[in-house]
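Here is how the chains run, residue by residue.
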Amino acid sequence: MRSDRPFPRVLALGLLAVLVSAAPLAASRGPTVAIVTSSRVGPFETASRAIADLLQQSPRQPEVLTFDLEGERSKGPDVLAELRRMNPDLIVTVGSLATAMILADSTQRTPLVFSMVLYPRQSEFLSNPTRAVTGVALDVPLEIQLQYVHRLVPGARRLGVLYHAGETGLIVEAARRIAPSQGLSLVTRAVEQPGNAVTALGELMEEVDVVWSVADSHVFTPQTTSALILAALRRRMPLIGLSTAHVKSGALATLYCDYEDVGRQTGELVVRILDGARAEDVPVAGPRKVSLGLNLRTAQHLGLDVAPALVAEAREVVR
Amino acid sequence: MRRGFGVRLALANSALIVLACALLSWTLVRSDLREIGRGLADRGFALGEHLAREAELSILSGDAESLHQLAQMARAERDVLYTHFVDVEGRVQATLGERPAHRAHVPAVGALPPTDVDAWEFEVPIFTTDARPQREELLGADVVDRSGPSGRRHQIGTVLVGLALDPLRAHSDRVAVTAATFTVIVAVMAVLSAILLASAITRPLKVLARAADRIAGGELETQVTLQSEDEVAAVAESFNAMARSLALSRAALEEHRRTLEEKVRARTERLETVNRELDEANRLKSEFLATVSHELRTPLNVIMGYTRMLAEGAGGEVTGEQREMLESIHRQSKMQLDLISDVLDFSRLASGRVSMHIERFALGPLLEEIRALHVGRQAGGQVAFVLDVAAGLPEMETDRVKLQEVVRNLVDNAAKFTQRGRVGIEVRAGNLPGWVVIAVRDTGRGISAEDLPRIFEEFRQVGEGTTRTTGGVGLGLAIVRRLVDVLGGRITVESVLGEGSTFVVEVPCRLPRKAPGEPAATPVLGAVPR
């Protein structure tokens, strides 16, 4: 929920974190870690909690400060001001919004470890001139994604995707290069704004056998996601979604990460840095666990027979 | 029980107003309920259609959680009791709220919501669209009709939304109570106003009624005073004017009555004087007639007696010439005596001093006597006198002498004007029971049509030179008519000039006798219809 008085709330959260986390360590004055989350939606909250838990259980037991942007970029200046005042030893960002907001502050040099971020390289998070940046991305390798597309819809030859050139153009180009290895050709439709997404999908579906998704905020918004999935269902078009929420809403399948594990993975990177490793020397990691979500109801509607092996493999199945 | 005007007016007025209020309230309540029901139906359908649209994706994807969220959203709506999502195979996908046992599907548009169920259920199908290209599109056809359903849209489930009717019933009850309260208040006001109105109308009427009673009791000076200027006051003013006019009329009537009594008394006195004078004059006339009769008849009888004696030779032998002279003297004396008798008879009849001597007699012998008399008188035998009496006639009970005089005069008259031929007397029963008809027919010279209406007038001789030929002063038929009147009958005549005449007399067989002490019959001339 949007607050009219963001700063006092953020400040209060920060202070509360200080009181809770710092009291046992007051005597030793250990390191301080600030966790800035883009919002408290389920995956971010899960990951954020996993990071904090792991840090609490680490031998150094750093002081953990928690900040929440509540999905509002406008809250960035207040959080940044508070961070400057608190001057933590390390900043952990959860989500692309928080990562971009912190990296935009070129006056500070505090190392940054991101988490739950898609396409960090394409987003130029790794080329920051002032900070050492590393972290755990959510990117499921394109090869794996296209493999699953092939397994899910073996007869598909033309793979369609909607994207915004400025946001996910590099990803799409990478996918275009990889697709032939899976017997697929990638058909793309650029979308300039979310309002055009459904129309673009309609046009795209005229030419393809299956629709694949990239996490592009110009395509998938809370307003367009359902419409896109519904359009695909009406067209009897298999659509590979971005999350289990998409699968529940009617996408045929998705490859998704274990967000808690991503959080723990991020916490481990933080511990390594606190233990003395240089952030710039720690490589960006991908998710260690990738799960398959399946919607058999959608498959039935599409007239698609999903291989029993895939069903058995899927971690989440809508029947 | 007698109900006054006020009570009847109040009852009628109140009943009318209560009826009107009840009817109006009923109409408004029904209209209100129908409107609310229509609004509820619109809302239910709109909600159901919204849910159906929103549920399309969730039904297709089997997203029960989203359906449940939709149901929760619907449940947040006022009056929504339950929401059920069912797929096309009848499997419940999501449900929130319980369907009550007493529920009803939405009725026809405009119908009143049911009162015996707990919920109105709206069943809205959930459709999806098949957006796959059709065969024509795949074949490259230019025109594809996408407007109609034509298989592009098919049902994938149903959403059932139940709206509670409790609020509607509560509203209905409130409206009904309000309407009933309004009706009762209006009815009470109507009764009170009707009573006041009736009182305002009947009070002056009662005043008028009391005044009318006093006037009926003779108090004509009674006046009504009303403190108003309405129609009733105008009636009172008219009433007062009527009472004044009535008083004036009664005074004038009293004066007129008093004057009239004086006039009647004066005229009565004059009439009594005149009557006494007339009685005296009549007495003098009777005495005069008796004297004249005596004084005229006596010498004529003497003359006739002596003439008869001389003709029979009592004074010595008479020559034939002398005999003819004596016969002439006797005949003229007889005529003079008959004339005097006629005049006296007519005078007596005209004065009404007629004595009736009613007796029983048979008509046949009486008429035979008359016929025989005329047969004896006839010298040449050129006229046949015939009597024809029908059999079975009753005996007469009337004045025998007067009836005999009637028939004798008619036969005399017929014989007088019949030189040869026939004079008949015919008697038969009358058309009316107890009446007889006596017809005297002759074959004489007859009477002209213009003379017929006048032959019964006094001193009227019809036909040129009649008097000289037949003698008389024209009183015979006048006397006959008056005698027939006295006998209670009537007489008519038919005649053809040159062929003869027929006089028909109709008389009752029985003439009532007068009680002892009752004055003699004095029929008024013309009293019997002719």
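Residues numbered from 1 in each chain as written. Chains lettered and ligands numbered in written order. Predicted model: local features only at pLDDT ≥ 70, side-chain atom pairs only at ≥ 80, totals over all residues. Heavy atoms only, no water.

Side note on the overall build of chain B
Regarding its fold elements, chain B presents 10 helices and 12 strands. Summed over its atoms, the accessible surface of chain B is roughly 31400 Å², and 57% of this surface lies on carbon and sulfur atoms. (Helix = DSSP H or I, 4+ residues; strand = E, 2+ residues; numbered from the N terminus. Areas by Shrake-Rupley, 256 points an atom, 1.4 Å probe, with all protein chains shown as cover.)

A short note on the overall build of chain A
Assigned secondary structure in chain A consists of 12 helices and 12 strands. Here chain A holds 319 residues, and the buried ones make up 56% of them. Long-range pairs, those at least 24 residues apart, make up 69% of the contacts in chain A between residues at least 6 apart in sequence. Split by element, the accessible area of chain A, about 13900 Å² in all, is 51% carbon and sulfur. (Buried < 20%, exposed > 50% of the residue type's maximum accessible area, 1.4 Å probe, protein only. Contact = heavy atoms within 4.5 Å.)

Structural notes on the confidence of the model for chain B
Regions with low pLDDT carry predicted coordinates that are not meant to be interpreted in detail. All names here are of chain B. Of all residues in chain B, 88% attain a pLDDT of 70 or more, and the chain-wide mean is 81. This stretch, residues 141-151, has a pLDDT under 50; its non-local contacts, to residues over four places away or in other chains, come to five contacts. This model gives residues 516-530 a pLDDT under 50, and the stretch forms 19 contacts once residues within four places in sequence are excluded. Predicted as a complex, the structure gets a pTM of 0.53 and an ipTM equal to 0.72. (pLDDT = per-residue confidence, 0-100.)

Some details on the pairing of strand 2 (residues 63-68) of chain A
With five of its six residues buried, strand 2 of chain A lies for the most part within the structure. Handedness of the crossover joining strand 1 (residues 32-37) of chain A and strand 2 of chain A through helix 2 (residues 42-57) of chain A is recorded here as right-handed. (Right-handed = clockwise from strand over helix to strand, strands pointing away.)

Things to note about the nonpolar core
If you look at the biggest cluster of nonpolar residues, it comprises 63 residues, and the most contacted ones within it are A:Trp212 and A:Leu294. Each of domain 1 (17-138 + 259-281) and domain 2 (154-251 + 290-318) of chain A gives at least three residues to this core. Leaving out residues up to four positions away in the same chain, A:Trp212 has contacts with A:Leu142, A:Gln145, A:Val149, A:Leu159, A:Gly160, A:Val161, A:Leu162, A:Ala175, A:Leu186 and A:Ile240. Formed by 54 residues, the second largest nonpolar core is a distinct cluster that contains A:Leu201, A:Leu230, B:Leu67 and B:Leu168. (Core = buried A, V, L, I, M, F, W, Y, C linked by side-chain atoms within 4.5 Å. Domains from an automatic or database assignment.)

Structural notes on helix 4 (residues 166-216) of chain B
Between its terminal C-alpha atoms helix 4 of chain B stretches 71 Å, which fits the 75 Å expected from 51 residues at 1.5 Å a residue. Just downstream of helix 4 of chain B, B:Gly218 is the residue with a positive phi angle, here 105°. (Expected span 1.5 Å × (residues − 1).)

A look at the pattern of salt bridges
Under the counting rule described, the total for this entry stands at 45 salt bridges over all chains. Across the pair B:Arg360 and B:Glu395 runs a salt bridge whose closest N-O atoms are separated by 3.0 Å. Pair noted here: B:Arg360 is in strand 6 (residues 358-361) and B:Glu395 is in the loop between strand 7 (383-389) and strand 8 (396-399), with a separation of 35 residues, a long-range link. By sharing partners, the salt bridges in this structure join A:Glu260, A:Asp261, A:Arg264, A:Glu268 and A:Arg288 into a single network. (Salt bridge = Lys/Arg side-chain N within 4 Å of Asp/Glu carboxyl O.)

A word on the side chain of A:Thr225
Along the chain, the position of A:Thr225 falls in helix 8 (residues 225-234). Look past the residues within four positions of A:Thr225 in its chain and what remains in contact with it is A:Phe220 and A:His246.

Remarks on the sheet that holds strand 5 (residues 133-137) of chain A
Residues and elements named next belong to chain A. Within the open sheet, the five strands sit side by side as 2-1-3-4-5. Their pairing is parallel. Only two strands of the sheet have a single neighbouring strand rather than two, namely strand 2 and strand 5. Put simply, the sheet's adjacent strands are angled 20° from each other on average, direction ignored. Here strand 1 pairs with strand 2 via six bridges, running parallel. The partner of Thr37 across the bridge, within strand 2, is Asp68. This element, helix 4 (residues 96-103), spans strand 1, strand 3 (90-94), strand 4 (112-117) and strand 5 of the sheet and lies at about 155° to strand 4. (Pairing = 2+ DSSP bridges. Axes fitted to C-alpha atoms, helices over the stretch in contact; angles between N-to-C directions.)

Some thoughts on the packing of aromatic side chains
Residues and elements named next belong to chain B. In this structure the tally under the stated criterion is three aromatic pairs over all chains. Aromatic pair Phe45 and Phe122: ring centres 5.1 Å apart, planes at 85°, arrangement edge-to-face. Of this pair, Phe45 sits in helix 1 (residues 5-61) while Phe122 sits in strand 4 (residues 119-129); the two residues are 77 residues apart in sequence, bridging distant segments of the chain. For Phe45, a relative accessible area of 33% translates into the label partly exposed. Ring geometry for Trp120 and Phe122: centres 6.0 Å apart, planes at 80°, overall edge-to-face. Taking the ring centre of Phe127 as reference, the NZ or CZ of Arg153 above it sits at 4.0 Å. (Phe/Tyr/Trp six-rings, centres within 6.5 Å; stacked < 30°, edge-to-face > 60°. Lys NZ or Arg CZ within 6 Å of the ring centre and 35° of its normal.)

A closer look at the interface of chain B and chain A
Contact residues are listed per partner, giving 16 residues for chain B and 15 residues for chain A. Both faces considered, chain B and chain A share a buried interface measuring about 1400 Å² in area, 51% of it formed by carbon and sulfur atoms. In terms of surface lost to chain A, no three residues of chain B exceed B:Leu57, B:Leu60 and B:Ser61, which account for 39% of the buried area on that side. Counting every contact that joins chain B to chain A gives two salt bridges. A:Lys248 is the partner of B:Glu65 in a salt bridge, and the nearest nitrogen-oxygen pair spans 3.9 Å. (Buried area = accessible area lost by both parts, 1.4 Å probe.)

Structural notes on a positive patch on the surface
All names here are of chain B. Residues Arg203, Lys206, Arg210 and Arg214 make up a contiguous surface patch of positive charge. Within the secondary structure, Arg210 is located in helix 4. Look at Arg210 and you get partly exposed, because its relative accessible area is 47%. (Patch = residues over 30% accessible without salt bridge, like charges linked within 9 Å, V, L, I, M, F, W, Y side chains within 5 Å. Lys, Arg positive; Asp, Glu negative; His and termini not counted. Charge placed at Lys NZ, Arg CZ, Asp CG, Glu CD.)

Some points on the packing of helix 7 (residues 197-205) of chain A against helix 8 of chain A
Residues and elements named next belong to chain A. It is the contact of helix 7 with helix 8, at a shortest axis distance of 9 Å, that shows an interaxial angle of 25°. With respect to helix 8, the element helix 7 is oriented roughly parallel. For the pair helix 7 and helix 8, the crossing hand works out as right-handed. Judged by residue contacts, Ala197, Val198, Leu201 and Met205 of helix 7 engage Ala227, Leu228, Ala231 and Ala232 from helix 8. A per-class count over the contact of helix 7 with helix 8 returns eight nonpolar, no polar and no charged. (Parallel < 35°, antiparallel > 145°, perpendicular 65-115°, else oblique. Left-handed = near helix turned anticlockwise from the far one by under 90°. Nonpolar A, V, L, I, M, F, W, Y, C, P; charged D, E, K, R; others polar.)

Here we look at the sheet that holds strand 9 (residues 421-429) of chain B
All names here are of chain B. With mixed pairing, the five strands of this open sheet are ordered in space as 7-9-10-12-11. A single partner strand is all that each edge strand has here, and the edge strands are strand 7 and strand 11 (490-496). With direction set aside, neighbouring strand axes in the sheet form an average angle of 10°. The pairing of strand 10 (residues 435-442) with strand 12 (residues 500-508) spans seven bridges and is classified as antiparallel. Pairing of Ile438 across the sheet is with Val505, part of strand 12.

What to know about unusual backbone geometry
Leave glycine aside and you will find that most residues have negative phi; peptide bonds, for their part, are mostly trans. Residues and elements named next belong to chain A. Non-glycine residue Gln61 carries a positive phi angle of around 40°. Mapping Gln61 onto the fold places it in the loop between helix 2 and strand 2. Positioned with a positive phi, Met116 is a non-glycine residue whose angle comes to about 55°. Positionally, Met116 belongs in strand 4. Residue Met116 is classed as buried on the basis of its relative accessible area, which comes to 3%.

Details of helix 5 (residues 142-152) of chain A
Taken together, the buried positions of helix 5 of chain A are occupied by A:Leu142, A:Gln145, A:Leu146, A:Tyr148, A:Val149 and A:Leu152. One side of helix 5 of chain A carries all its buried residues, which in axial view fall inside an arc of 155°. (Arc of directions from axis to C-beta.)

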